[in-house]
Amino acid sequence: MLTQTTTRVLEPSDLDAALDILGREPVENAFITSRVQIAGLDPWRLGGEMWGWYADGELRSLCYAGANLVPACAGPEAVRAFADRARRTGRRCSSIVGPAAATRLLWQILEPSWGPARDVRSHQPLMIIEQPSTTVTTDPGVRRIRKDEIDLIMPACVAMFTEEVGISPMTGDGGLLYQARVAELVAAGRSFARIEDGKVVFKAEIGAATSRACQIQGVWVAPEFRGRGHSESGMAAVVAYALRDVAPVASLYVNDYNTAARASYHRVGFREVGAFMSVLF
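Residues numbered from 1 in each chain as written. Predicted model: local features only at pLDDT ≥ 70, side-chain atom pairs only at ≥ 80, totals over all residues. Heavy atoms only, no water.

Participant: Explain unusual backbone geometry here, please?
Facilitator: A negative phi angle is the norm for most residues apart from glycine, just as the trans form is the norm for most peptide bonds. Look at the link from Gly 115 to Pro 116: it is a cis peptide, with omega at -5°. Its location among the elements puts Pro 116 in the loop between α5 (100–114) and β6 (119–129). The residue Cys 73 is not glycine, and still its phi comes out positive at about 50°. The residue Cys 73 is located in the loop between β4 (68–72) and α4 (76–89) in this model. Classification of Cys 73 as partly exposed rests on a relative accessible area of 21%. One non-glycine residue, Asp 197, lies in the positive phi region at around 50°. Here Asp 197 is to be found in the loop between β8 (191–196) and β9 (199–209). With a relative accessible area of 85%, Asp 197 lands in the exposed category. (Helix = DSSP H or I, 4+ residues; strand = E, 2+ residues; numbered from the N terminus. Buried < 20%, exposed > 50% of the residue type's maximum accessible area, 1.4 Å probe, protein only.)

This is the structure in structure tokens:
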């Protein structure tokens, strides 16, 4: 008997079923789960559509289609269905990102119509930590950024984004969306930094956050302070905050060619558990 499959945009009434799917891989799906738990499945509040792939009437896989295209718990058949839908609707996202196997197949199908990409990062190790670091001394100077310090942290955030992504977040809308996101993380108490004489030395944020896992992002050390161990002691401090206040598992993903960062995270106590892939437009 042939399996009957279909793909459709999920509705608010599908929330519980979608969360069940996302809960299968709480670390991999932290980004999508955090958005869905806050905004539900209404496209206007979610900032995009959530596509669902069904087999014999049962929801099996998801794909978030917003500023990013992100597959979740998607095998090859579901990925092909999502790719077909994405090809028909046209590219609206600035990146494709997610678990490496699913993202790689998604890009292979979409590249002829969506390519070329500005950059393809085909292997980004996914790393987790579940206990505060026992090998690196926590930097006592790393603390939460206050709401009145947004103007102080913003240049460091812009520098990090530009260095990592290759374009400034201040282009397009003048940086309004990016500044709003930075302010949101500061207000939530998930933006951290070491500040000396009014200058940001180290910074990082806890971006996606659920009750089961959170994702550390935006790790950056000012160029003139690099090579002094700030990334390790600073990360140890952020991990301590994350595991104490946010979730029992902290994760991040890093470019495989960034050997210095990978070595630093390993020294803090992170271990690799998988890989992501990113396609940037």
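On we go.
Participant: Before we go on, may I ask you to explain the layout of surface pockets in this structure?
Facilitator: Summary: where empty space remains is shown by rolling a probe the size of a single water molecule over the atoms. Quantified by volume, the second largest pocket comes out at close to 160 Å³. Along the walls of the second largest pocket sit Gly 48, Glu 49, Trp 51, Ala 65, Gly 66, Leu 69, Ala 86, Thr 89, Gly 90, Arg 92, Cys 93 and Trp 114, which together make up its complete lining. When contributions to the lining of the second largest pocket are tallied by element, the ones reaching two or more residues are β2 (49–55) and α4. (1 Å grid on protein atoms, 1.4 Å probe; cavity = no way out; pocket = protein on both sides within 12 Å on 5 of 7 lines; lining within 4 Å. Points joined across faces, edges and corners; volume = space filled by probe spheres on them.)

Participant: I tried to follow the side chain of Glu 232 on my own but got confused; where do I start?
Facilitator: On the secondary structure map, Glu 232 appears in helix α8 (residues 230–245). When neighbours within four sequence positions are excluded, Glu 232 is seen to be in contact with Val 136, Ser 264, Arg 267 and Val 268. (Contact = heavy atoms within 4.5 Å.)

Participant: When you look at the pairing of β4 in this model, what are you seeing that I'm missing?
Facilitator: Among the five residues in β4, four count as buried, and that is most of the element. Bridging between strand β3 (residues 58–65) and β4 involves four bridges; their strand directions are antiparallel. By the bridge assignment for β4, Leu 62 is matched with Ala 72. If you look at the hairpin formed by β3 and β4, you'll find two residues sitting between the two strands. Here β4 runs beside strand β5 (residues 95–99); their pairing, made up of two bridges, is parallel. Along β5, the bridge assignment pairs Asn 68 with Ser 95. Crossover handedness for the path β4 to α4 to β5: right-handed. (Pairing = 2+ DSSP bridges. Right-handed = clockwise from strand over helix to strand, strands pointing away.)

Participant: Sorry, what's going on with the sheet that holds β8 here?
Facilitator: The strands making up a sheet are joined through hydrogen bonds of the backbone, oriented either antiparallel or parallel. In spatial order, the strands read β1-β2-β3-β4-β5-β12-β6-β11-β10-β9-β8-β7; together these 12 strands make up an open sheet with mixed pairing. Of all strands in the sheet, those with a lone pairing partner are β1 (5–9) and β7 (142–144), marking the two edges. For this sheet the average axis-to-axis angle between neighbouring strands, irrespective of direction, equals 25°. Relative to the sheet, α5 contacts β4, β5, β6 and β12 (271–280), its axis offset from that of β5 by approximately 155°. (Axes fitted to C-alpha atoms, helices over the stretch in contact; angles between N-to-C directions.)

Participant: Explain the packing of α4 against α5 to me, please; I cannot follow it from the model alone.
Facilitator: Think of two packed helices as two axes; the pair is described by the angle between the axes and how far apart they sit. Contact geometry of α4 with α5 gives a least axis separation of 9 Å together with a crossing angle of 30°. With respect to their mutual orientation, α4 and α5 come out roughly parallel. Where α4 crosses over α5, the handedness of that crossing is right-handed. Contacts between α4 and α5 involve Pro 76, Val 79, Arg 80, Phe 82, Ala 83, Ala 86 and Arg 87 from the first element and Ala 102, Leu 105, Leu 106, Ile 109, Leu 110, Ser 113 and Trp 114 from the second. (Parallel < 35°, antiparallel > 145°, perpendicular 65-115°, else oblique. Left-handed = near helix turned anticlockwise from the far one by under 90°.)

Participant: What is the right way to look at the nonpolar core in this model?
Facilitator: Among soluble globular proteins, nonpolar side chains are generally buried collectively. With 43 residues, the main nonpolar core has Ile 216, Met 235, Val 238, Tyr 265 and Phe 270 as its most contacted residues. Ranked by residue count, the leading element in this core is α8, at eight residues. Apart from the residues within four sequence positions on either side, Met 235 is in contact with Phe 202, Ile 216, Val 219, His 230, Leu 252, Tyr 265, Val 268 and Phe 270. Judged by nonpolar contacts, the second largest core, of 25 residues, contains Ala 74, Ala 78, Ala 86 and Leu 106. (Core = buried A, V, L, I, M, F, W, Y, C linked by side-chain atoms within 4.5 Å.)

Participant: Just to check I follow, could you spell out the packing of helix α1 (residues 15–22) against helix α2 (residues 30–39) for this structure?
Facilitator: Following both chains from N to C, one finds α1 and α2 inclined at 155°, their axes separated by 10 Å at the closest point. The orientation of α1 relative to α2 falls into the category roughly antiparallel. Along this stretch, α1 crosses α2, giving a crossing that reads as left-handed. The segment α1 lies against α2, with Leu 15, Leu 19 and Leu 22 engaging Ile 32, Thr 33, Val 36 and Gln 37. When grouped by side-chain class, the residues that make up the contact of α1 with α2 number five nonpolar, two polar and no charged. (Nonpolar A, V, L, I, M, F, W, Y, C, P; charged D, E, K, R; others polar.)

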